[in-house]
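# Residue-level structure breakdown
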Amino acid sequence: MARAVSSRRKSINTALAWGIGLIIFFPILWTILTSFKTEGQAIADPPVFLFFDWTLENYSIVQDRSDYMRYLWNSVIIAGGSTLLGIIIAVPAAWSMAFVPSKRTKDILMWMLSTKMLPAVGVLYPIYLLFIKLGLLDSLFGLVIVLMLINLPIIIWMLYTYFKEIPGEILEAARMDGASLKSEILYVLTPMAIPGIASTILLNVILAWNEAFWTLNLTAAKAGPLTAFIASYSSPEGLFYAKLSAASTMAIAPILILGWFSQKQLVRGLTFGAVK
Amino acid sequence: MATQHSRTAARIMMAPAVTLLLGWMLVPLIMTLYFSFKKYLPLRGGDLGWVGFDNYVRFVSSSAFWPSVTATLIIVGGVLLITICFGVLLAILLDQPMWGQGIVRILIIAPFFVMPTVSSLVWKNMFMDPNYGLLSYLWEFFGAEPIQWMSQAALPSIIIIVSWQWLPFATLILLTAIQSLDSEQLEASEMDGASTLRRFWHIILPHLSRAITVVLLIQTIFLLSIFAEIFVTTGGAFGSKTLSYLIFQRVLESQNVGLGSAGGVYAIILANIVAIFLMRIVGKNLDN
Amino acid sequence: MGQIILNQVRKTFGDVEVIPPLDLTINDGEFCVFVGPSGCGKSTLLRLIAGLEDVTSGDISIDGQSATELPPAKRGLAMVFQSYALYPHMSVRKNIAFPLRMAGLPKDEIEKRVTNAASVLNLTDYLDRRPGQLSGGQRQRVAIGRAIVREPAAFLFDEPLSNLDAALRVGMRLEISELHKRLSTTMIYVTHDQVEAMTMADKIVVLRAGNIEQVGSPLELYKAPRNTFVAGFIGSPKMNFIQGEQASALGADTIGIRPEHIDVSDTQGQWSGRVGVSEHLGSDTFIHVHDTGLGDTITVRAAGEVDFKHGDTIHLTPRADQIHKFDAQGLRI
């Protein structure tokens, strides 16, 4: 809307929005700041905001005590692996539904969505039992599979909505040009859908990274990702705010950065295309 | 519109996804149903035979059931109320012209990317701790008695934490919806002499109704199964035990699988009721 | 070589029969235009030939070999789409090279053919651009380039000019005709615009509701339309149809007379009426005449500029030898 707005009104809007934005962001900011304090300063009365002795020691303590790098690596494997596997399975499925729709396509899409709505707790024991029987408990492989399955409907849906925007004529042109199905998907569809595929990957990495039901219930010391790493801080032990903050900062920093890149696609992915 | 050839290819290419999801849905579902009709205590004798609907009756008649339903409703209702009301206001504010809009947007969205265990622990310890939490300082600063958040006000505490996580989601979606509002429509109403408040009630809010419904339904589905937020804060104590947390305790903590599975079936039915409404809306969107 | 024979080809979507059993032969080297109003099945027919749709029954043969079961890639046909359907992520060079790459041709051969096609189509300066950076006409040429490098048995065009503006359309029409003369490859061209059909075709196939109404050269269709539909569809402005007394006097149910076959006069004539709107094109004037007692408004063409004003009385005389007679079923007598 190109409309003249009084600069007074714009100033009020700006002040209000920034104020609310900072309040909402404050817990994150405070966590990051606290991670650089000593434990004493972390609980100082009155609280210190910026003027304290900045230190990095919390980060080294956290790494030494609980081997942050291993949890980080587990998170990367689980989030990245489940997303990648999901994409490989979802691209052909989304191609089928977007470009060769049948009467049942809509039903299949809706059914896929419905599996996403199955409450995890309702199937907790069967999965737990299967994991024990198959020796998958506390294994990265098992978690990759489970997280791939819970996010597969979202991946398929997102890809489907992106593919729908690609004109079918272009794929037909490829077919006329002598492309096999494989070449059609590999050389024409995929490159054209790169932005959509990228945002699908991004959103699903975020969702898998933050998933905190299966990762907490199906892992122990070996395959635990960062969610489990942080949960181990839930029983307080003396002065630990600064260390908790350091651990938290390390757990959220990678995804916070990814998340900011993906905010536009977030809406579409999380509403299954119902809001664009 | 396609050839037999491509239809066959389509079927083959859909097969892996369909098979996997079918297995992922059916296998655990059938197992849960199976266990729900059994007395099954893995640590105390294992499979003790069929008990019919005994587990279903016992789950509902246990003293923990109704409080857990109440807790669930209060948490879900509270979070929905907060996130949608503030979400609408924030979305309208963010749609106004201002300086640094992009940065404000980023600030507001950030909590959504924080993993649930982190946000719960940070809030619990650094904000809501009765001795050292920032909120206690705030209360003391104004001369008030600090609140024992987790023990005295467990439900409000959890509602605050979860609302903080989900407000960005609601805001972002409602903002997207507002931005799709045809500006000519607003200008026309302005020409017709509608006041700001009237424009909000008669144009903006109806335009948002669909997005609000979508937010409502999606959040409900996620909120019905919040877990980590309770797991690392109260552990289900102080009246904060939700239905899904109760089921979790029955299954994994007290290892009463039959009873927990019956609860699981209830949870699945509940989630499906919500899901049907959501799918209707999403489905309508598919048609056009 | 590119002779295409359709034998009892039929297509249904569900319960709807969009193309009833149909026979058609398109000879090698012919420029064949499918024309008809939208929804007449002309695009579907083209897609059946392309292999983008399955025939429900019947047989399509290309160069004497049955192609009914072949996937599009194996039919040796090239297609130019209405939306151009260029690959937006590839440069013009790569777009044109794509079918050759798919065919697995050696690199230097691909390079040679692309360069050649680009020079024929005046695209040499644009080879490294993306389709998004080209104008509509240039995109159209890239699409044609992509089709010609393969040296296909036949070219299929699906309303290729409908996205271009009027001036460009005339130019591209000539370019495509020129291309046909030079390559003498079979071309099948779908359009709803009868002017395109008349100006480009060797053979026109007029379709309505999946049925072939008439097949013939442009002049055959113009001179001897088989029924009222073809008579009304071919020619611009439309043929005037007159029923009643005037028709039965000639032993017909309906008679048709083209606007250019009626002589006008301000003094005398067979019919008379009142001048309505006149459209002055400079070279011609189209006059819409009301109240002739013949039913509908009659349109007449007068050569050059004529001096009739709105409301004037005008006298019309049809040329007797140019009157088309149709029976009650609309068939030519």
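Basis of the calculations
Residues numbered from 1 in each chain as written. Chains lettered and ligands numbered in written order. Predicted model: local features only at pLDDT ≥ 70, side-chain atom pairs only at ≥ 80, totals over all residues. Heavy atoms only, no water. Helix = DSSP H or I, 4+ residues; strand = E, 2+ residues; numbered from the N terminus. Buried < 20%, exposed > 50% of the residue type's maximum accessible area, 1.4 Å probe, protein only. Pairing = 2+ DSSP bridges. Axes fitted to C-alpha atoms, helices over the stretch in contact; angles between N-to-C directions. Contact = heavy atoms within 4.5 Å. Parallel < 35°, antiparallel > 145°, perpendicular 65-115°, else oblique. Left-handed = near helix turned anticlockwise from the far one by under 90°. Lys, Arg positive; Asp, Glu negative; His and termini not counted. Salt bridge = Lys/Arg side-chain N within 4 Å of Asp/Glu carboxyl O. pLDDT = per-residue confidence, 0-100. Domains from an automatic or database assignment. Buried area = accessible area lost by both parts, 1.4 Å probe. Polar contact = N/O pair within 3.5 Å; in protein donor to acceptor, adjacent residues only side chain to side chain. Nonpolar A, V, L, I, M, F, W, Y, C, P; charged D, E, K, R; others polar.

## Some points on the overall build of chain A
Looking only at helices and strands, chain A has 13 helices and 0 strands in total. Reading chain A from its N end, one meets helices and strands in the order α-α-α-α-α-α-α-α-α-α-α-α-α. With respect to the three principal axes, the spread of C-alpha positions in chain A is 75 × 70 × 35 Å. Split into buried and exposed, the 276 residues of chain A put 62% on the buried side.

## Quick notes on the sheet that holds strand β18 (residues 324-326) of chain C
Residues and elements named next belong to chain C. As summarised here, the arrangement of the 3 strands in space is β11-β12-β18, forming an open sheet in which the pairing is antiparallel. Looking along the sheet, the strands with just one partner apiece sit at the ends: β11 (240-243) and β18. The average undirected angle you get between the axes of adjacent strands in this sheet is 25°. Sheet analysis places strand β12 (residues 254-257) next to β18, joined by 3 bridges and oriented antiparallel. The partner of Ile-255 across the bridge, within β18, is Lys-325.

## Some thoughts on the side chain of Gln-219 of chain B
Residues and elements named next belong to chain B. Locating Gln-219 in the fold gives a position in helix α10 (residues 196-224). For Gln-219, a relative accessible area of 0% corresponds to the buried category. Discounting residues that sit within four places of it in the chain, Gln-219 has contacts with Val-79, Leu-80, Thr-83, Trp-166, Phe-169 and Ala-170.

## Side note on helix α6 (residues 134-141) of chain B
Regarding α6 of chain B, the residues found buried are Leu-134, Leu-135, Ser-136 and Tyr-137 of chain B. Considering only its buried residues, α6 of chain B is in contact with α1 (7-34) of chain A together with α5 (116-127) and α7 (149-152) of chain B. At the exit of α6 of chain B stands Gly-143 of chain B, carrying a positive phi of roughly 75°.

## Topic: the sheet that holds strand β17 (residues 313-318) of chain C
Residue and element names in this part refer to chain C. Reading across from one edge, β13-β17-β14-β15-β16 is the order of the 5 strands in this open sheet, with antiparallel pairing throughout. Each edge of the sheet is formed by a strand with only one pairing partner; in this case those strands are β13 (262-265) and β16 (298-303). Averaged over all pairs of adjacent strands, the angle between strand axes in this sheet comes to 45°, irrespective of strand direction. As defined by bridge partners, β13 adjoins β17 across 4 bridges and the pair is classed as antiparallel. Note that in β17 the partner of Ser-265 across the bridge is His-315.

## Here we look at the packing of helix α2 (residues 92-102) of chain C against helix α3 (residues 107-120) of chain C
Residue and element names in this part refer to chain C. For the pair α2 and α3, the least separation of the axes is 10 Å and the interaxial angle reads 130°. By the angle class used here, α2 and α3 are oblique. As α2 runs across α3, the sense of the crossing is right-handed. Listed contacts from α3 to Arg-93, Ile-96, Ala-97, Leu-100 and Arg-101 of α2 are Ile-110, Glu-111, Arg-113 and Val-114.

## Details of the pairing of strand β10 (residues 211-216) of chain C
Residue and element names in this part refer to chain C. Sheet analysis places strand β9 (residues 203-208) next to β10, joined by 5 bridges and oriented antiparallel. In the sheet register, Leu-207 faces β10, and the bridge partner there is Ile-212. In this antiparallel pair of consecutive strands, β9 and β10, the connection spans 2 residues, and Ala-209 shows a positive phi of 50°.

## Quick look at the side chain of Glu-229 of chain B
All names here are of chain B. For Glu-229, the location among the structural elements is in helix α11 (residues 228-231). Look at Glu-229: it is buried, it has no salt bridge, and the nearest opposite charge is Lys-124 at 13 Å. Not counting the four nearest positions on each side in its chain, Glu-229 is found in contact with Pro-116, Ser-120, Val-162 and Gln-165.

## Some thoughts on the confidence of the model for chain B
Detailed reading of the predicted coordinates is not advisable wherever pLDDT falls low. Here chain B shows a mean pLDDT of 84. Residues at 70 or above account for 98%. For chain B, per-element mean pLDDT is lowest for helix α9 (residues 183-191) of chain B, which scores 75, and highest for helix α3 (residues 65-95) of chain B, which scores 91.

## Digging into the domain arrangement of chain A
All names here are of chain A. According to the domain assignment, chain A consists of domain 1 (7-57) and domain 2 (65-270). For domain 1 and domain 2, the distance between their C-alpha centroids amounts to 32 Å. Each partner contributes residues to the interface: domain 1 has 11 residues there, and domain 2 has 12 residues. In total, domain 1 and domain 2 occlude about 860 Å² of area from one another, counting both sides; carbon and sulfur atoms represent 75% of this. Remark: the boundary between domain 1 and domain 2 carries 0 salt bridges. Remark: the boundary between domain 1 and domain 2 carries 0 residue pairs in polar contact (both at pLDDT 80 or more). At the level of elements, α1 and α2 (39-42) are the ones that each hand at least two residues to the side of domain 1 that touches domain 2. Ranked by residue count, the leading element in the side of domain 1 that touches domain 2 is α1, at 5 residues. Classifying every residue of the side of domain 1 that touches domain 2 by side-chain character gives 5 nonpolar, 4 polar and 2 charged.

## Describing the interface of chain C and chain B
Of the residues lining the interface, 6 residues belong to chain C; the matching set on chain B comes to 6 residues. The largest contributions to the chain C side of the interface with chain B come from Glu-53, Asp-54 and Pro-71 of chain C, which together make up 63% of the buried area. Here chain C and chain B share 0 salt bridges between them. For the pair chain C and chain B, the number of links is 0 residue pairs in polar contact (both at pLDDT 80 or more).

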